[in-house]
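Survey of secondary and tertiary structure
One-letter residues, chain by chain:
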Amino acid sequence: MPNIILTGFSYTGKTEVGKAISSILGWAFLDTDNLVVQRAGKPIREIFAIDGDGQFRALEKIVLKEACARRNVVIATGGGTVIDPDNQLLMAKAGVVICLEALTETIYRRLREDTNRQDSKVDRPLLEGADPLTQIGRLKALRQPFYSLADWTVHTDILSTVEVASEVLRGYTMVTRRREDERSFQEAAYIVNTLTQTYPGYVGWGILDDLGSRMRSAGLSGTAYIIADRPVFSLYGRKVMASLKRAGFEVDHYFIDPGEANKRLGTAQSIYEWLVQR
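Since this is a predicted model, take the numbers as computed values, not measurements.

Thresholds, definitions, all that
- Residues numbered from 1 in each chain as written.
- Predicted model: local features only at pLDDT ≥ 70, side-chain atom pairs only at ≥ 80, totals over all residues.
- Heavy atoms only, no water.
- Phe/Tyr/Trp six-rings, centres within 6.5 Å; stacked < 30°, edge-to-face > 60°.
- Helix = DSSP H or I, 4+ residues; strand = E, 2+ residues; numbered from the N terminus.
- Buried < 20%, exposed > 50% of the residue type's maximum accessible area, 1.4 Å probe, protein only.
- Lys NZ or Arg CZ within 6 Å of the ring centre and 35° of its normal.
- Arc of directions from axis to C-beta.
- Contact = heavy atoms within 4.5 Å.
- Polar contact = N/O pair within 3.5 Å; in protein donor to acceptor, adjacent residues only side chain to side chain.
- Pairing = 2+ DSSP bridges.
- Axes fitted to C-alpha atoms, helices over the stretch in contact; angles between N-to-C directions.
- Patch = residues over 30% accessible without salt bridge, like charges linked within 9 Å, V, L, I, M, F, W, Y side chains within 5 Å.
- Areas by Shrake-Rupley, 256 points an atom, 1.4 Å probe, with all protein chains shown as cover.
- Salt bridge = Lys/Arg side-chain N within 4 Å of Asp/Glu carboxyl O.
- Core = buried A, V, L, I, M, F, W, Y, C linked by side-chain atoms within 4.5 Å.
- Right-handed = clockwise from strand over helix to strand, strands pointing away.

A word on the packing of aromatic side chains. Tallied over the entire structure, the rule returns five aromatic pairs. Look at F233 and F255: their rings are 5.0 Å apart centre to centre, the planes differ by 80 degrees, and that puts the pair in the edge-to-face class. Taken together, the residues span a long stretch of sequence, with F233 in helix 10 (residues 230-246) and F255 in strand 9 (residues 250-256) at a distance of 22 residues. Overall, the relative accessible area of 15% leaves F233 in the buried class. By relative accessible area, F255 is classed as partly exposed at 26%. An aromatic cluster is built from Y225, Y254 and W274, whose rings are joined through pairwise contacts. Over the face of the ring belonging to Y202 we find R214, whose NZ or CZ atom lies 4.6 Å from the ring centre. Over the face of the ring belonging to F249 we find R216, whose NZ or CZ atom lies 4.8 Å from the ring centre.

Set out below in C-alpha cells:
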C-alpha cells in the first residue's frame, strides 16, 4: 500500500492526526520536523538562526527522501515542505498526499491556545510581529497553490482529531482505488471518473476490431447493446458485432434516426424504454 503523506500549514493537525492514523493502521509515524531536529542536533529555531533557511530546507529534503523510501508509514511534513518541486514529485510517487486545511483564524486561535498551555519559553515565530493574524494569512496564501497539489483535502476547522483521521482514511481509500483502476487502463486515451465508477475511453484508427477484447479487459461481460443511427450502423455495425461476439458477448442493437434534431430527451426516453424491456 502507498504511504500516507500529510501536508498543510502549521496547526492544521498533521502531527496529532498522523499519530491517530498510524495507531489505527499499525503503521510507523514520522514527523519530518522532528527528523530534521534529530539530524541537526538542535531546535529548528536555531537551525534557521545559525545555519539559515537554505540549510534547513536541505536537511528537510534529505529526511523526506529517507521517509518516503519506507513503506507503510504515515508522514507529517513541515508547513513549507511542499514548496520545493523535488519534494512535490517525491511525495506524489511515494504515497497518497493529503492536505489538512484550516482557516487563518482557526490556525491563529489554535496557536494562541497552544501557547497558553505551553511553557512561555517555547518559541512561537508565527506570533511575532505587530499583527500575527495578518502574517499567518500572508504566508498561508503564498503556500496555498502548493497545498492544492494534494490528492485529497480535509478541512479541519470544526472536526475532532478522530473525525479528521476518518476523513483522511476515506480519501486515502478512494484515491488508492482510483489509481488501481487507472493502472488497469494504461492504453486508454482518457479516463472518466465519476463519484461511483471509473471507465476508460479509447480513440484511434482501426480499433473496432479489438472492441470486444478491450471490453473484456475492462472487466465487462454479458450482453452488449449497440445504439446507432442506420447510416453509421451500415458502415460499422457488422464489424462491431463480430468483434463483440468473438469476445463472448451476447449482442443486441437499437436504431435511432440520424441528425442533430434527434439529440433530444424523447430519443433518450425511447432508448431507456428499450433497455428496460431487456
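So, about helix 5 (residues 85-94). Residue pairs spaced three or four apart in an α-helix point in one direction, given the helix's 3.6 residues per turn. Buried within helix 5 we find N87, M91 and A94. The buried residues of helix 5 occupy one face: seen down the axis, they fall within an arc of 70 degrees. Exposed and facing more than 90 degrees away from the buried side of helix 5 are P85 and K93. Those residues of helix 5 that are buried lie in contact with strand 1 (3-7), helix 4 (53-68) and strand 4 (95-101). Looking at where helix 5 begins, the residue whose side-chain oxygen comes 2.7 Å from the main-chain nitrogen of D86 is D84.

Taken in spatial order, the five strands make up an open sheet running 2-3-1-4-5, and their pairing is parallel. Strands at the two margins of the open sheet, each flanked by one partner only, are strand 2 (28-31) and strand 5 (152-155). Recorded for the sheet is a direction-independent mean angle of 20 degrees between the axes of neighbouring strands. This element, helix 2 (residues 32-40), spans strand 2 and strand 3 (73-76) of the sheet and lies at about 70 degrees to strand 2.

On to helix 2. The N-terminus of helix 2 is capped by D31, whose side-chain oxygen sits 2.9 Å from the backbone nitrogen of D33. Count one or two residues on from helix 2 and you reach G41, which has phi positive near 75 degrees.

Turning our attention to a nonpolar patch on the surface. There is a patch of nonpolar side chains on the surface, built from Y225, I227, Y272 and L275 and spanning about 370 Å² of accessible area. Listed by contribution, the elements that provide at least two residues to the nonpolar patch are strand 8 (223-229) and helix 11 (265-277). Mapping Y225 onto the fold places it in strand 8. For Y225, a relative accessible area of 33% corresponds to the partly exposed category.

On to the environment of K93. Looking at the secondary structure, you find K93 in helix 5. The class of K93 is exposed, set by a relative accessible area of 68%.

Turning our eyes to something else, we now look at the nonpolar core. In terms of nonpolar packing, the biggest core is built from 19 residues, with I5, C68, I75 and M91 touching the most fellow members. Looking at which element gives the most residues to this core, the answer is helix 4, with three residues. Beyond its immediate chain neighbours, meaning those up to four positions away, I5 contacts C68, I75, T77, M91, A94, G95, V96, V97 and I98. Among the nonpolar cores identified, the runner-up in size contains 17 residues, and L6, V96, W152 and Y172 belong to it.

On to the pairing of strand 8, then. By the bridge criterion, seven bridges tie strand 8 to strand 9 in an arrangement that is parallel. Pairing of A224 across the sheet is with V251, part of strand 9. Between the parallel pair strand 8 and strand 9, the chain is carried across by helix 10, and the sense of this crossover is right-handed.

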